[in-house]
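# Reading the structure
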Amino acid sequence: MSQVSPPKKSIRLPSRRTFLIAGTAAGGGLVLAYYVSGIGKSRKPGTLNAYVRIAPDNTVTIMAKNPEIGQGVKTMLPMLIAEELDVDWKQVRIEQTDADESVYPGQIAGGSMATPLNYEPMRRVGAAARQMLVTAAAQTWKVPESELVTGSGKVRHVPTGRTLTYGELVDKAAKLPAPSLDSVKLKDPKDFKIIGHSTPGIDGPMLVKGEPLFGIDVTVPGMFYAVFQKCPVPAGKAVSANLDTIKKMPGVRDAFLVPAGGQFGFIAEGDMQYSGLMSGVAVVADSWWRAEKAREALKVKWDEGPTRLQSSEGFARAAAALGKKAPAFTLRNDGDAAAALKGAPHVIEAAYAYPFIAHATMEPQNCTADVRGGKAEIWAPSQMPETGRELVAKTLGLDPKNITIHMLRAGGGFGRRLMNDYMVEAAWISQAVKAPVKLVWSRADDMQHDFYRPAGWHFCKGGVDKAGKIVAWQQHFVSFGKNNKFANSCDMPPYSFPAGRVPNLNYGATVMPSGIPTGPLRAPGDNAFVWVFLSFIDELAHAARKDPLQFQIDLLGKPELLPGEGEGLDTRRLLGVLEKVRAMSGWGKRKLPKRTGMGVAFAYCHLGYVAEVVEVAVSREGEIKIGKVWAAVDIGRQIVNPTAAENMAQGAIIDGLGEALNQKITIENGRVVEDNFDGFSPLTMRQTPPIEVQFVLTDHSPTGLGEPPLPPVLPALCNAIFAATGKRVRSLPIDTALLKA
Amino acid sequence: MRYSLHVNGHIHTVDVDDDTPLLWVLRDAMNLKGTKYGCGVGLCGSCTVHIDGEPVHACRRPVSSIGISKVLTIEAIGSTPIGARLQEAWLKVDVMQCGYCQPGQIMTAAALLARNAAPSEEDIVEALDGNLCRCGTYLRIIEAVKLAAAGRKGA
Ligand code: FES
Ligand code: FES
């Protein structure tokens, strides 16, 4: 489970060759390190880090290797190891590792990939440790291993009833060669005692007491506090500032200009960019409040650069004009959509638009860094610390080997912390003042210097034949980029459904330049595209006078694997979740009051299959009251941690509803207007409906959950609004004024 | 300026500017990091503490306005019966995702239960609607507050 991802092209299950190294831990006991070749870089040859450490007193310490951003991975990965190790969960201590991909591969919170990448490898790590302990016991008692069983951290000799704790066996086990991971025996899932059983988050007891777990809570002896004022227009540069005045303010230690550096690409072309150092003014003081107050007195002369006149309105106008023309390039073409549209009895034309949106993690971006004498120690809440290491090394001219990164719990990620801009800023400022520095962004910094979910415009035409089948689909997507290449996270995959199910289909695109940094936001692409596709499919269902849910099922067609993410889209699994949600929600079976309606939508997103139904009541004044959301989710045969899974699925749905109802980032004069939660808000408690989540178990490897449940809720809501009012929402966020009776 | 503040049952003396918000005094001068910064202007509830039993946004209270009032933060809420019940309920319901907003949620809920021992769902929503949770744990927060309120009889 995890909340967000790099773009889809990076989601590929790597082929893995794994091996174990066993040894004696410093301080006694067994350590097992597990390496995945082909992913990790050997930065520190010979480094032996442990996933599992068993102390002579039988406490078991399991390493949590991935960044924890609220997705529960710090609990989930150790559950996998503990299960196969055959210990009781209450024996287990969990330690967060540092960032070091040469030892711990795949330290990324992104793409809902923690489960698919780790489900089996982590279990094998646990099983291998168990195997070694069994061998040690067999040697101790001089009995065959076949007479031994394990449980609750003990080995028992069945014929005699003798037992030894793992702790009593570690010294001997540590001297044994590690078994090959491929050869170890995994448990039959019906014997699971931990996997599949709700396990509360491991940090919970500390969180409810307010213990300092987050990046923003870090304190380093002798540290200063920093704020960093960047140009309100993202591509702009600081020319000069009243630094002498600022330096005289109470508690201020230093104030200076920071030059742009690193690999910051605003008008990105093609590939994902990992941000860099932006130009700005740093203020360093003996408290954050004093730094922040000094910033208020700051007068900066900016060179705002060429994008200073851009605006949301201007983008929309330009998009509307481009939408009237033919697309600049083709993403996909099947059959002859133009001809088929001419012949179709029902033709629908619709233009959809959605805005930029911010990530707005509850914990603003922050980082603490101590860069002195060519060495850096960094404390960061990052979803992808390794790219931060590279960025810091490059920008500051440090050897990556000399950078230590401690991964701190993050107060939300959603894709924002895949970028490491805060990390390079803190490192730069620390290096400049030759002291440890804690950089904390204000909420305004955070909201106005994001990598936004890109705005987008879709000009759609669809044709339905007499039998009610979609025979033509033409879609012109207007987005951002340059030279017919999409900017970061703006691209639309050519395989987007209903591709493969409409005989005459054309997806084309035109891109325009923008100075607004864009990036992945939870369920990237899908959080917008699924809304467009499933809304327009609903429009066509109504044009065909079909039941919208049945229309979606019919559109799936025969059972097969369509091109898509991973191994492709399995229409059977989509059918499964649609049928499930039909039953859960009583679709078509209940008589609804006036101006109340139900809508349905689905998504295949980050390897998960989800269908959702929303019931909504719209008052005559246009006010929206969501009655309930039902979600049917297929992420394979096993839900690792049911309590966390339900929480995560509900959270993703709440996130999607927030996007639909509340969220819009507005650009004026090249800069972001909204600067706090009054202008841009997540869903509130009052807006939150009951959400029922059910998992459909199918015989497929378990996959992640942070993202898949988000996309369908936006079109399901808008389709429900149409059912309730006859008004089609074609622009986000939903303008309730347009829904008045 | 030197201030002697009554926080969590102890007197803490700090030397800070008059206009420093209580939030930053707690976090940076007293090293009580449980009270969280989310917005700085009273829009998110992450910084909620109790001042003489009332829930307030610590980001909006300059230290000079605190005087001899008694400040209670998440670090000490567990020493009150209501706070302890809430923490227990929070763990039982497994409310947390990232957990960042939760100190503020718990402090707001504690103030609610102190004045209304058996709140309806509407009372809970009314009291907690100003506390944002970006991860969307609202349904579990409501469940946990109800559980803590119900636990009162047994306690
Ligand atoms: S930080 Fe005080 S209300 Fe948001
Ligand atoms: S749990 Fe993450 S903001 Fe509430």
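In what follows, the structure referred to is the one given above.
Thresholds applied
Residues numbered from 1 in each chain as written. Chains lettered and ligands numbered in written order. Predicted model: local features only at pLDDT ≥ 70, side-chain atom pairs only at ≥ 80, totals over all residues. Heavy atoms only, no water. Contact = heavy atoms within 4.5 Å. Buried area = accessible area lost by both parts, 1.4 Å probe. Salt bridge = Lys/Arg side-chain N within 4 Å of Asp/Glu carboxyl O. Helix = DSSP H or I, 4+ residues; strand = E, 2+ residues; numbered from the N terminus. Expected span 1.5 Å × (residues − 1). Buried < 20%, exposed > 50% of the residue type's maximum accessible area, 1.4 Å probe, protein only. Pairing = 2+ DSSP bridges. Axes fitted to C-alpha atoms, helices over the stretch in contact; angles between N-to-C directions.

## Points about the interface of chain A and chain B
Contacts between the two partners involve 61 residues from chain A and, on the opposite side, 50 residues from chain B. Interface of chain A and chain B: buried area, both sides summed, is about 4400 Å²; carbon and sulfur atoms make up 58% of it. Taken as a group, Val208(A), Met362(A) and Met685(A) account for 20% of the area that chain A buries against chain B, more than any other trio of residues on that side. Inspection of the chain A/chain B interface yields 9 salt bridges. In this structure, Glu122(B) and Arg686(A) form a salt bridge, with 3.1 Å as the shortest nitrogen-oxygen distance. Here the side of chain A that touches chain B gets 9 residues from one element, more than from any other, and that element is helix H15 (residues 642-661) of chain A.

## A short note on helix H9 (residues 385-396) of chain A
Structural remark: α-helix, 3.6 residues per turn; residues separated by three or four positions point the same way. All names here are of chain A. Taking 1.5 Å per residue as the helical rise, H9 with its 12 residues ought to reach 16 Å, and the 16 Å between its terminal C-alpha atoms agrees with that figure. The buried count for H9 comes to 10 of 12 residues, which makes it a mostly enclosed element. Every buried residue belonging to H9 is among Pro-385, Glu-386, Thr-387, Gly-388, Arg-389, Leu-391, Val-392, Ala-393, Thr-395 and Leu-396, and all of these are buried. Of the residues trailing H9, Gly-397 is marked for its positive phi of about 70°.

## Remarks on the sheet that holds strand S18 (residues 366-372) of chain A
Residue and element names in this part refer to chain A. In spatial order, the strands read S11-S14-S9-S21-S18-S19-S20; together these 7 strands make up an open sheet with mixed pairing. The outermost strands of the open sheet, each flanked by one partner alone, are strand S11 (252-258) and strand S20 (403-407). Each strand of the sheet is rotated relative to its neighbour by a mean of 20°, with strand direction disregarded. By the bridge criterion, 3 bridges tie strand S9 (residues 224-230) to strand S21 (residues 437-440) in an arrangement that is parallel. What sits directly across from Phe-224, in S21, is Val-437.

## What to know about the pattern of salt bridges
Throughout the structure, instances matching the rule amount to 48 salt bridges over all chains. Note that Arg290(A) and Asp17(B) form a salt bridge whose closest N and O atoms lie 2.8 Å from each other. With Arg290(A) in helix H6 (residues 288-296) and Asp17(B) in the loop between strand S2 (10-15) and helix H1 (22-29), this residue pair bridges two chains. Given a relative accessible area of 22%, Arg290(A) falls into the partly exposed group.

## Things to note about the sheet that holds strand S33 (residues 691-695) of chain A
Residues and elements named next belong to chain A. Ordered by their spatial adjacency, 4 strands build an open sheet running S28-S29-S30-S33, and the pairing between neighbours is mixed. Of all the strands in the sheet, just strand S28 (596-605) and S33 have a single pairing partner and so form its edges. Ignoring which end each strand starts from, the neighbouring axes of this sheet average 15° apart. Taken together, the 10 bridges between S28 and strand S29 (residues 608-618) define a ladder with antiparallel strand orientation. Bridge assignment links Cys-605 to a residue of S29, and that residue is Gly-608. Contacts from helix H14 (residues 571-585) reach S28, S29, strand S30 (624-634) and S33, with the element oriented near 140° to S30. Sitting on the sheet, helix H16 (residues 713-725) is in contact with S28, S29 and S30, with an inclination near 155° to S28.

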